Structure formats: structure tokens, C-alpha cells
Amino acid sequence: MRHLGPRSRHRLQLAFLQNAGSRLMTPFDPLAVENVGVTLAVELLEQPLHSLPPSDRFTGAGVYALYYTGNHSAYADLVALDDGAGGTKYPVYIGSAVRENAKQGFNPRPTAQARLWTRLGHHADSIREVEAAGLDTDFRLEDFRCRFLVLQDAYITLAESVLIATFRPAWNGMGFGSKVVGGERMSGRPSLWDSLHPGRGGRPVGTPERQTLARAQIGDSIQRLGQEPADERAARMMERIKRFL
């Protein structure tokens, strides 16, 4: 009798189960990328809310989410989606902070520096500068909250990618997290974020056209919250994560 290869044995097994009226079930793999990503995203969403910046200094690298709870007209539809959560259901920005010298390779030991806390502080400074400039009177630091999750280096990029793909945050891609060094300077084109919220030091003030474009991009990001990704695996991940909102 001819020896059957692995593929042939699998086809025979499948045919046997089908003929027996049984459904072939795929084993759950807890270490599959999509399952690890969902676990990390849900863990962040279950963290407590903090003011921005968090009052207590802490060490570590990881991921974070920023939430807007105010009455700025550009975010009215986002806050309205929260079903009474006051703006803390859907993040306006997802980001990460990696350890020092992260590009030099993986280090299994957690960093002793306050990388995540410092990053959140920089974001608070950006918003504080806009508020102090007085050019956008409805934009106040007191209207922001944050969640954060300290992680080992190996998981940070995966967690950030899954969260951005799930929530399509309004500020991701608008230039909010960019630094002046190596980015657009006073002589360059203003970012969409700085066009809508002018006042950060070293940043050019945007034109009315750029401000309109910024509002349109925020509106598009809010609209996409109700749309499933085209990729089937990404859609399943999104559905699982949103159960915890």
C-alpha cells in the first residue's frame, strides 16, 4: 500500500469528519499574533483613567491612549458616541514610548527610566502651550484623560498597531506626536494638528484651508469607527476588543 503524505492524511481526516456529520474545529492558539494583540489592547482599556499628565511619576515603557472630554466643536461627534461615558470610550490618540536605546536590540529587563510618564508629560506640554496661546479658547488641558500600560519591549509595537487599527484615532497621522527636530519647522508647512490648534512653540500657524482639512480628517476618523476593516482577521480583532468598551 502506498504511503500517504501529511496532506493526503489531512484530506482523509477532513472527509471522514464531514461524512460523520462532525464539524472540524480549529484549535485556539493563545500565542497567535491576533490573540496576543487583542489581549494587550483589552488590558490597556481596563486600566484606570488618569489626568493628563498623570500626577504620580512611574517608570517603564509601553502604550497609552488619550481621551478628550471637552466641548470643542471639532470633537462633538466623538464625545457623542460615548453613550454617556463623557468622552472616555474612544481615544483621540494612541501612542507608545519605548525604552532608551531600543534600536540597539531587545533587552529582557524592564527600563528603570520613566519613559511612558515622560512621553505623556510632553503631550500635556503641547496642549498646555495651545491653551496658553489663547488662539483656541475651547481647548484646555483639564479636558483630557489618559490610560497607559507598561509593557516589555517585544509587545509595544504590536499593542500600538492593534489599538490604532481598531480605533482609528483622530490625531494619529495629524502631526500631534511629531517633534520639531526633524519635522516641520516654522518655515515649513504646518501640521494638521497645529493648524486646528495653533500655539505650540516652534510650529508654523496653519492656514484656514489646513484647518478645514484637519476638521475633515477628524470627521472621517469618527465615521470609520462604525466601519469594519476590509481584512477579515482585523475585523474579528476589532469585534473582540469593542466588547470591552
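This is a predicted model, so every value here is computed, not measured.

Undergrad: I'd like a rundown of the overall build of the protein chain, residues and numbers included.
TA: Broken down by element type, the protein chain carries eight helices and four strands. Per element, the accessible surface of the protein chain, about 13900 Å² overall, is 52% carbon and sulfur.

Undergrad: A description of the pairing of strand 3 (residues 93-97) should follow, citing residues and the corresponding values.
TA: The buried fraction of strand 3 is high, at five of five residues. Burial along strand 3 is two-sided: the residues Y93, G95 and A97 and I94 and S96 are all buried. As paired strands, strand 2 (residues 62-68) and strand 3 are joined by five bridges and run antiparallel to one another. Across the sheet, residue L66 finds its bridge partner in strand 3, namely Y93.

Undergrad: Got a sec to walk through helix 2 (residues 33-45)? Specific residues and values, please.
TA: With 13 residues, helix 2 extends 19 Å between its outermost C-alpha atoms, agreeing within 8% with the 18 Å of an ideal straight helix rising 1.5 Å per residue. Extensive coverage of helix 2 is indicated by the burial of 10 of its 13 residues. Of the residues making up helix 2, those classed as buried are E34, N35, V36, G37, V38, L40, A41, V42, L44 and L45. Turning to helix 2, the residues buried within the fold contact strand 2, strand 4 (144-150), helix 5 (153-167) and helix 8 (232-242).

Undergrad: Describe in detail the sheet that holds strand 1 (residues 50-51), supporting the description with residues and values.
TA: Spatially, four strands are ordered 1-4-2-3 in an open sheet, and the strand pairing comes out antiparallel. Of all strands in the sheet, those bounded by a partner on one side alone are strand 1 and strand 3.

Undergrad: Any chance you could break down the nonpolar core for me, citing the residues and the numbers?
TA: Membership of the largest hydrophobic core comes to 54 residues, with the highest contact counts inside it found for L52, L66, V92 and W171. If one sorts the elements of this core by residue count, helix 2 sits on top with seven residues. Those residues within four positions of W171 in sequence are excluded, and the remaining contacts are Y75, V92, Y93, I127, F139, F144, F176, W193 and H197.

Undergrad: So what about the packing of helix 2 against helix 5? Which residues, and what values?
TA: Running from N to C, helix 2 and helix 5 cross one another at 80°; their axes reach a closest spacing of 9 Å. In terms of orientation, helix 2 lies roughly perpendicular with respect to helix 5. Residues V33, V36, G37, L40, A41, L44 and L45 of helix 2 lie in contact with helix 5, whose contacting residues are Y155, L158, A159, V162, L163 and F167. Here the residues of the contact of helix 2 with helix 5 sort into 12 nonpolar, one polar and no charged.

About the criteria used
Residues numbered from 1 in each chain as written. Predicted model: local features only at pLDDT ≥ 70, side-chain atom pairs only at ≥ 80, totals over all residues. Heavy atoms only, no water. Helix = DSSP H or I, 4+ residues; strand = E, 2+ residues; numbered from the N terminus. Areas by Shrake-Rupley, 256 points an atom, 1.4 Å probe, with all protein chains shown as cover. Buried < 20%, exposed > 50% of the residue type's maximum accessible area, 1.4 Å probe, protein only. Pairing = 2+ DSSP bridges. Expected span 1.5 Å × (residues − 1). Contact = heavy atoms within 4.5 Å. Core = buried A, V, L, I, M, F, W, Y, C linked by side-chain atoms within 4.5 Å. Axes fitted to C-alpha atoms, helices over the stretch in contact; angles between N-to-C directions. Parallel < 35°, antiparallel > 145°, perpendicular 65-115°, else oblique. Nonpolar A, V, L, I, M, F, W, Y, C, P; charged D, E, K, R; others polar.

What is shown is where atoms sit, not what they do.
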